[in-house]
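The residues making up each chain are set out below.
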Amino acid sequence: MSQVSNSILLNNGLHMPLLGLGTWKSKAGEVEKAVEHALKKGYNHLDCAAVYGNENEVGNGFKASGVKRDDVFVTSKLWNTKHHPDDVEETCRKTLEDLGLDYLDLYLIHWPHGFQRGENKFPKTEAGDVIYDESIHPTDTWLAMEKLVGKGLVKSIGLSNFNSEQIEDILKRGNIKPVTNQVECHPHLNQERLFTFCKERNITITAYSPLGSPDRPWAKPDDPKLLDDPKIVEIANRYKKSPAQIVLRWQIQRGIIAIPKSVTPSRIEENGAIFDFSLTESEMKHINGFDCNGRVVVPMLNGKHRDAAHAHYPFNIEF
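Residues numbered from 1 in each chain as written. Predicted model: local features only at pLDDT ≥ 70, side-chain atom pairs only at ≥ 80, totals over all residues. Heavy atoms only, no water.

> Tell me about the pairing of strand E10 (residues 180–184), and please be specific about residues and values.
Among the five residues in E10, five count as buried, and that is most of the element. As defined by bridge partners, E10 adjoins strand E11 (residues 204–208) across five bridges and the pair is classed as parallel. What sits directly across from glutamate 184, in E11, is tyrosine 208. Handedness of the E10-helix H6 (residues 192–200)-E11 crossover: right-handed. (Buried < 20%, exposed > 50% of the residue type's maximum accessible area, 1.4 Å probe, protein only. Helix = DSSP H or I, 4+ residues; strand = E, 2+ residues; numbered from the N terminus. Pairing = 2+ DSSP bridges. Right-handed = clockwise from strand over helix to strand, strands pointing away.)

Rendered as structure tokens:
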């Protein structure tokens, strides 16, 4: 596998690798080996989050790899129950402790909408509804995130699942510009408008579920399967690559950071081998044309968007 060394320049002068290993949905027991294998095979970017419940294992895998700390870009995320400005530093320090690190390269606000403050990651009423906290504005959480940079706990800060209006408010009221906005992004949801909006403001986009999250537990049998699409398969055959490699290449060739999740050694290596070919302009345009606003990562409850009534829910406007 080619060295996964290609990176993008962030607005604070630091570099972020264009490809990383995602750890969402990676079970404890599997993720440690996956992280160790990825780092030994040339990956230099790990995407983590406190809510995934596996940061200890990620840290163990990092340690077992023998790779130096400064050679790996590590991202983590602040969960929805920790939006209170007084909780931000303590929560970041807990993540650092779990990962066994002294600093994070990047810390993100996982979602703009807050849940009830506390240790229960999904606080619920007896009826099963999530208990929200709408009193804390996401920009106020951001202002607390900025202090982590000054304290040397994190090198960069950014966002996840924020819409254009929420980003605009942070740019207006904050002192540090977010370096990235991590959002669901794949050919069925190419995020062109949000990508353009962020690019104009020198903010990168990081794609989670860059392959369309085929392993999502709530997938229905008749949902479109991106990696089985005949045109993607045809392009893959042309380059002697897999459909996943074609989709990941399309992402990074747009200048979008991609963090595919895998715990399978051969798949981890395959996902990393995307820097030795380029797609043509017409192939890029064709894959861009797959967009159908096909968002698949939406928290659902009883067939509806679970958090849509929250004042800070990000998906109630176009982008």
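> Tell me about the state of the cysteines, and please be specific about residues and values.
Taken as a whole and judged by the stated rule, the model has zero disulfides. For cysteine 185, which is in no disulfide, the shortest distance to another cysteine sulfur is to cysteine 198 and amounts to 11 Å. A relative accessible area of 0% means that cysteine 185 is categorised as buried. (Disulfide = S-S within 2.5 Å.)

> Just give me the short version of the sheet that holds E10, but keep the residues and values in it.
Taken together, eight strands build an open sheet; the order of strands is E3-E4-E5-E6-E9-E10-E11-E12 and the sheet is parallel. The sheet terminates laterally at strand E3 (21–22) and strand E12 (257–258), the two strands that pair on one side only. Here E11 pairs with E12 via two bridges, running parallel. Residue pairing in the sheet places threonine 206 in a bridge with isoleucine 257 of E12.

> Give a description of the packing of helix H1 (residues 31–40) against helix H2 (residues 55–65) that names residues and reports values.
It is at 7 Å that the axes of H1 and H2 come closest, and there the two elements cross at 35 degrees. Regarding H1 and H2, the two cross each other, and that crossing is right-handed. Mapping the contact onto sequence places Val31, Glu32, Val35, Glu36, Leu39 and Lys40 in H1 and Glu57, Val58, Asn60, Gly61, Phe62, Ala64 and Ser65 in H2. Residue classes in the contact of H1 with H2 are distributed as six nonpolar, three polar and four charged. (Axes fitted to C-alpha atoms, helices over the stretch in contact; angles between N-to-C directions. Left-handed = near helix turned anticlockwise from the far one by under 90°. Contact = heavy atoms within 4.5 Å. Nonpolar A, V, L, I, M, F, W, Y, C, P; charged D, E, K, R; others polar.)

> Kindly report on the nonpolar core, identifying the contributing residues and their values.
Among the nonpolar cores identified, the biggest contains 73 residues, and Leu46, Tyr107 and Met145 are the most heavily contacted of them. Ranked by the residues each element gives to this core, the list is headed by helix H8 (residues 243–254), at six residues. Beyond its immediate sequence surroundings of up to four residues, tyrosine 107 is in contact with Ser76, Lys77, Leu78, Thr91, Cys92, Met145, Leu148, Val154, Ser156, Ile157 and Gly158. Counting residues in each nonpolar core, the second largest holds 14 residues, with Ala49, Val51, Val130 and Val297 among its members. (Core = buried A, V, L, I, M, F, W, Y, C linked by side-chain atoms within 4.5 Å.)

> Any details on empty space enclosed by the protein? Residues and values, ideally.
One pass over the full model with this rule turns up one cavity of 30 Å³ or more. Put simply, the largest cavity is a space of about 40 Å³. Lining the largest cavity are Asn80, Thr81, Lys82, His83, His84, Gly114, Phe115, Arg117, Asp133 and Ile136. For the lining of the largest cavity, the class distribution of residues is two nonpolar, five polar and three charged. (1 Å grid on protein atoms, 1.4 Å probe; cavity = no way out; pocket = protein on both sides within 12 Å on 5 of 7 lines; lining within 4 Å. Points joined across faces, edges and corners; volume = space filled by probe spheres on them.)

> Go over the packing of H1 against helix H9 (residues 265–272), please, and point to the residues and values.
For the pair H1 and H9, interaxial distance at closest approach is 10 Å and the crossing angle is 40 degrees. Classified by the angle their axes make, H1 and H9 are oblique. Where H1 crosses over H9, the handedness of that crossing is right-handed. Contact residues: H1 offers Ala34, His37 and Ala38, while H9 offers Pro265, Ile268 and Glu269. (Parallel < 35°, antiparallel > 145°, perpendicular 65-115°, else oblique.)

> Before we move on, can you summarise the pattern of salt bridges with the specific residues and values?
As enumerated under the stated definition, the model contains 20 salt bridges in all. Glutamate 234 is the partner of arginine 238 in a salt bridge, and the nearest nitrogen-oxygen pair spans 2.8 Å. Here the residue arginine 238 and the residue glutamate 234 both occupy positions in helix H7 (residues 230–239), the gap between them amounting to four residues, near one helical turn. What makes arginine 238 partly exposed here is its relative accessible area of 43%. Judged by its relative accessible area of 39%, glutamate 234 is partly exposed. A salt bridge links aspartate 276 to lysine 241; its shortest N-O distance comes to 3.0 Å. Highlighted residues: aspartate 276 in the loop between H9 and helix H10 (281–288) and lysine 241 in the loop between H7 and H8, separated in sequence by 35 residues. On the accessibility criterion, lysine 241 (16% relative accessible area) is buried. (Salt bridge = Lys/Arg side-chain N within 4 Å of Asp/Glu carboxyl O.)

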